[in-house]
Amino acid sequence: MQYWNPTYECMTREEMQRVQTERLINTVKKIYHNVPFFRDKMQKKGIEPCDIKSLEDLKNLPFTYKQDLRDTYPYGLFSAPLSDIVRLHASSGTTGKQIVVGYTRRDIDTWAEVMARTLANAGATKESFVQVAYGYGLFTGGLGAHYGAERIGASVIPISGGNTKRQLQIMKDFGTTILACTPSYALYLAEELAEAGIKKEDLKLKAGVFGAEPWSSNMRKEIEERLGIIAIDIYGLSEIIGPGVATECHCQNGLHVQEDHFIPEIINPDTEEVLPPGTKGELVFTTITKEGMPLIRYRTRDISSLNYDKCECGRTLVRMSKVSGRSDDMLIIRGVNVFPSQIESVLLEMGETAPHYLLIVDRIENLDTLEVWVEMTQGMFSDEVKKIEDLERKIKKEIENTLGINAKVKLVEPKTIERSEGKAKRVIDKRKI
Ligand SMILES: [Zn+2]
């Protein structure tokens, strides 16, 4: 078994707690002094940095919500001076307002370290050829995988997403051994591979590190069979660092959290109380080594549970279970975060339809699809077909512009969409994950 950093990956629980305690205390002190928004939150709870003496005290600290990142946009949660920030990444939010994260040089170094561990979990070495088919840019996927592979000393192929034919050609010709992309794209590549008449035996592919969207064990099986690889689930989010927060090992039985950098907790999303190991709830992370934008008790909305038993791989890092859902209504469609409310506001702004809509999400031929049903007004219903088709196109374009996602738009007859007494059912998710 190969570890990238056994000192931390195989630490005893006592040692890990000592490391975490020291780092937590330092982080809280620093943020309290550098981030007024956070200081106010602590003062409202009546606590000061000196009240945080052990990991037990973590539960007394205030939560950080995604909304906080929007409210303090763009730099309000940065703890380091802007002159020390060497990188900015961003992701889209609910109302089109994006969230921004900043990294110091040391943060980039930490990112490379945790991604090196991630890739080593998938068996990467200096001899590996890592094809990074995650998008490069403001999205953290591409560069995160890139840094990790480079840190290991593997040969990085920074192809980014898309251009499927070229992906396959390069995979074969360059002798790619490790593929990094979203699971749905991996499956799509596998299908196109068959189409192109390339057999898995023609490839040197050994493993894949797949993340940025939830996926099922059935999908894993299919990817593994079709590509002849071991498929490793990786977890991360830009707010915490990007990919590299947690990863599966070869045992594929939970994702090891890099807890010398990120302390996980599981809470009840309604009561906000901390839940014991093994119990399902919302995943919360506290960063304890980040400088640019450290976050205390960040509510991820992802549903998981924690397992502190020692793993067969020998790592002692706590494992989180594969994310099984979300505690809010956010959808992840082809790696893009979509809130039904975003589509609602597009429709309302256009004001040409009735305010009733339904999102149908599916996975067809292993790719996520989004269909938007919108009700016509009574007046429109008698309009000619061409006029209706024009409006469908217009809505489709508007959704694409605002959310950056391709949707099929269908105008339906008045009163087609089921009305609800309580919370409207806006989404039908047919994906089996
Ligand atoms: Zn393990």
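Description of the structure in this document.

Cut-offs applied
- Residues numbered from 1 in each chain as written.
- Predicted model: local features only at pLDDT ≥ 70, side-chain atom pairs only at ≥ 80, totals over all residues.
- Heavy atoms only, no water.
- Phe/Tyr/Trp six-rings, centres within 6.5 Å; stacked < 30°, edge-to-face > 60°.
- Lys NZ or Arg CZ within 6 Å of the ring centre and 35° of its normal.
- Donors = N, O, S within 2.8 Å, 3.2 Å for Na, K, Ca; no water.
- Tetrahedral: all angles 85-135°; square planar, octahedral: opposite > 155°, others 65-115°.
- 1 Å grid on protein atoms, 1.4 Å probe; cavity = no way out; pocket = protein on both sides within 12 Å on 5 of 7 lines; lining within 4 Å.
- Points joined across faces, edges and corners; volume = space filled by probe spheres on them.
- Helix = DSSP H or I, 4+ residues; strand = E, 2+ residues; numbered from the N terminus.
- Polar contact = N/O pair within 3.5 Å; in protein donor to acceptor, adjacent residues only side chain to side chain.

Remarks on the packing of aromatic side chains
All told, the structure shown has six aromatic pairs when counted by the stated rule. Among the aromatic residues, those joined into a cluster by ring pairs are Tyr103, Trp111 and Tyr147. If you follow Arg297 out to its NZ or CZ, it ends over the ring of Phe63, 4.1 Å from the centre.

Describing the coordination of the zinc ion
All of the protein donors around the zinc ion are Cys249 (SG), His256 (NE2), Cys311 (SG) and Cys313 (SG); their distances to the metal are 2.1 to 2.3 Å. Every donor counted, the four donor atoms about the zinc ion form angles of 104 to 115° at the centre, which fits tetrahedral coordination.

Overview of the layout of surface pockets
Its boundaries defined by the atoms lining it, the second largest pocket holds a volume of some 470 Å³. Lining the second largest pocket are 20 residues, with Leu55, Pro264, Glu265, Val274 and Tyr308 positioned closest to its centre. Every element with two or more residues in the lining of the second largest pocket is listed here: α2 (13–34) and β10 (262–267). Broken down by element, the residue count for the lining of the second largest pocket peaks at four residues, all from β10.

Here we look at the side chain of Thr316
Structurally, Thr316 is set in the loop between β13 (306–307) and β14 (319–320). Only 2.4 Å separates the side chain of Thr316 from the backbone oxygen of Met11, close enough to count as a polar contact.

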